[in-house]
Amino acid sequence: MMFSEAEVVTFVETVSVQQLRGWVRAGWIVPATGANGSVFDELDVARVRLIYELRVDLDLPDDAVPVVLSLLDQVHGPRREL
């Protein structure tokens, strides 16, 4: 299932459009491009929730977020391939 930017912000009520766009610009989330702009899948939405928790709940600095995401991608990448 694919979601628009507005739908992602609706599902993840704690995230603003500005935050979401900033995370996309930073490359922390890489949505697909649809006819009407960015489209997000379920994994992207889960990643949005994770980034919010890292940044806001755990107060992780911006420069540490890509490191954590990279490590998580390394762990979960092979699992997805299986």
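Residues numbered from 1 in each chain as written. Predicted model: local features only at pLDDT ≥ 70, side-chain atom pairs only at ≥ 80, totals over all residues. Heavy atoms only, no water.

### A word on unusual backbone geometry
You will see that D59, though not glycine, has its phi angle at about 55°, which is positive. Note on placement: D59 falls in the loop between α3 (42-57) and α4 (65-81). A relative accessible area of 62% places D59 in the exposed class. (Helix = DSSP H or I, 4+ residues; strand = E, 2+ residues; numbered from the N terminus. Buried < 20%, exposed > 50% of the residue type's maximum accessible area, 1.4 Å probe, protein only.)

### Observations regarding helix α2 (residues 17-25)
What α2 keeps buried is the set L20, G22 and W23. Viewed end-on, α2 has its buried residues packed into an arc of 165°, placing them on one side of the element. Looking at α2, the residues exposed on the side facing more than 90 degrees away from the buried face are Q18 and R25. Considering only its buried residues, α2 is in contact with α1 (5-11), β3 (37-40) and α3. One or two positions beyond α2, positive phi appears at G27, with a value near 85°. (Arc of directions from axis to C-beta. Contact = heavy atoms within 4.5 Å.)

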